[in-house]
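Tertiary structure, described
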Amino acid sequence: QAQLVESGGGTVQAGGSLRLSCVGSGSSFSINVMGWYRQAPGKQRELVATITRGGYTNVADSVKGRFTISRDNAGNTVHLQMNSLGPEDTAVYYCYVATLGNRVYWGQGTQVTVSS
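Residues numbered from 1 in each chain as written. Predicted model: local features only at pLDDT ≥ 70, side-chain atom pairs only at ≥ 80, totals over all residues. Heavy atoms only, no water.

1. Notes on the environment of Leu18
- By the secondary structure assignment, Leu18 is in strand β3 (residues 18-24).
- Under the relative-accessibility criterion, Leu18 is labelled buried at 14%.
- Between the C-alpha atoms of Leu18 and Cys95, which are 77 residues apart in sequence, the distance is 15 Å.
- Contacts of Leu18, omitting those with residues within four sequence positions, involve Gly8, Gly10, Val12, Leu80, Gln81, Met82, Leu85 and Val112. (Helix = DSSP H or I, 4+ residues; strand = E, 2+ residues; numbered from the N terminus. Buried < 20%, exposed > 50% of the residue type's maximum accessible area, 1.4 Å probe, protein only. Contact = heavy atoms within 4.5 Å.)

Shown next, in the form of structure tokens:
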């Protein structure tokens, strides 16, 4: 199990919006943290936003006020609503899961491209 499938990536003009979704085929009960990281060309992977099992959210300063993370615990999904996108948001976005047993899983990544 613990297969993560991302969707919602694509191309959008600056100022537009995208909504990423990640569906895990494992048990929601075993998941502690879900979230999103991103990796731009030539740069290291960086945290975008996470949400804990209890619903606490942590959002990077660079996307605060623009991105919203949410979680459907019963459905074992996490979403990233991305508004007011700019070229600086262009990256491959990776779904991240950490279980209660401290196992970490990564999605295969979905491309987000923002054109100015």
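Alright, that's what it looks like, and here's the rest.
2. Describing the side chain of Arg71
- Along the polypeptide, Arg71 turns up in strand β7 (residues 67-72).
- Here the side chain of Arg71 touches Ile31 through a polar contact of 3.2 Å, landing on its backbone oxygen.
- A distance of 3.4 Å separates a polar atom in the side chain of Arg71 from the backbone oxygen of Asn32. (Polar contact = N/O pair within 3.5 Å; in protein donor to acceptor, adjacent residues only side chain to side chain.)

3. Quick notes on unusual backbone geometry
- Positive phi, close to 50°, is recorded for Ser84, a residue that is not glycine.
- The topology assignment puts Ser84 in the loop between β8 (77-82) and β9 (91-99).
- A positive phi is found at Asn102, a non-glycine position, where the angle reads about 65°.
- You can see Asn102 is positioned in the loop between β9 and β10 (104-106).
- Looking at Asn102, the relative accessible area reads 66%, which means it is exposed.

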